[in-house]
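Below, each chain spelled out in residue letters.
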Amino acid sequence: MMGDRDFRTIIQNALGSIGRELELEIDSKNFQNIHLQEVVQCLRRSYFDRIDPVEIERRGFNELLSGLLRKLEYGSEPKEFEIEDIKLKGQTDMIVDDIIILFRSAQSELENPLANDVLYLNACLWIYDKTEGIVVYITGDRKETTFSLTRNKKMFEEVIRRVRVLNNLLKEQKAPILEPSLECSECQYYEKCFMKKKNSKQLDLGEMLGMGKFLKDDKD
Ligand code: SF4
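Residues numbered from 1 in each chain as written. Predicted model: local features only at pLDDT ≥ 70, side-chain atom pairs only at ≥ 80, totals over all residues.

Asker: Go over unusual backbone geometry, please, and point to the residues and values.
Answerer: The phi dihedral of D97 falls on the positive side, at around 50°, and the residue is not glycine. Mapped onto the fold, D97 is located in the loop between β4 (94–96) and β5 (99–106). By the C-beta count within 10 Å, which is 6 here, D97 ends up exposed. (Helix = DSSP H or I, 4+ residues; strand = E, 2+ residues; numbered from the N terminus. Buried ≥ 20, exposed ≤ 12 C-beta atoms within 10 Å, placed from the backbone.)

Asker: Any chance you could break down the site of the ligand for me, citing the residues and the numbers?
Answerer: Around the ligand, the structure places C42, R44, R45, L178, E179, P180, E183, C184, C187, Y189, Y190 and C193. Of the residues belonging to the shell around the ligand, the class tally is eight nonpolar, no polar and four charged. (Near = placed C-beta within 6 Å. Nonpolar A, V, L, I, M, F, W, Y, C, P; charged D, E, K, R; others polar.)

Asker: Pulling in residues and values, what's your account of the nonpolar core?
Answerer: Counting 26 residues, the largest nonpolar core has V39, Y120, L121, A123 and C124 as its most contacted members. Secondary structure elements with two or more residues in this core: α2 (36–40), β5, α5 (115–127), β6 (132–139) and α6 (153–172). With eight residues, the top contributor of residues to this core is α5. Beyond its immediate chain neighbours, meaning those up to four positions away, A123 contacts L36, G90, F156 and V159. (Core = buried A, V, L, I, M, F, W, Y, C linked by C-beta atoms within 7 Å. Contact = placed C-beta atoms within 7 Å.)

Asker: Explain the pairing of strand β3 (residues 86–90) to me, using residue names and the numbers behind them.
Answerer: Relative to β3, strand β1 (residues 33–35) is paired through three bridges, and the arrangement is parallel. Note on β3: the bridge partner recorded for N33 is K87. Here strand β2 (residues 79–83) pairs with β3 via five bridges, running antiparallel. Bridge assignment links I83 to a residue of β3, and that residue is I86. (Pairing = 2+ DSSP bridges.)

This is the structure in structure tokens:
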């Protein structure tokens, strides 16, 4: 807080507004249209996003990278893949020389691509009917790591299975089971799935060991 202005809240509100602008447009009532992003992340999260949504808190501009590129439509118009009467909607960030390219932000350089990004990239290869793709991770200090992928049918069949599961559960109004993963710690539905988050009081080790008193006594 500087003066009587709370800059942290102002910045958070600004990020929230940009984030809403860049969010995928999902018609939450139309269960026959499923977006690829909904099935590569936790299905339970996607279900709550449609049925009982809670806004996510955004932490920085880095997170908005993919949304910005999608909005600019660098040769990558959204596409649909029909699974009987369900439409799976996907959108890649870029297509260059027939290669599908995704850009993702990362906290640090990665050894392997994230599983949900691999599922997303592979599904895009089938939706856009391409054979090769890459995912580029960019860290806050502008380091890049790139992974390439050749399309894989079994992995796409898993995505199709998840599309059917989400479609059925939405129609039956039944929340999918928990999918515990690293995603949970950042998820806005954590308390719904697990427990209330508690802000435990930070322990002062010095005080615990009696050093606080010692130092104070020393100064006197
Ligand atoms: S907390 Fe985990 S299991 Fe629950 S909705 Fe979020 S990602 Fe899914």
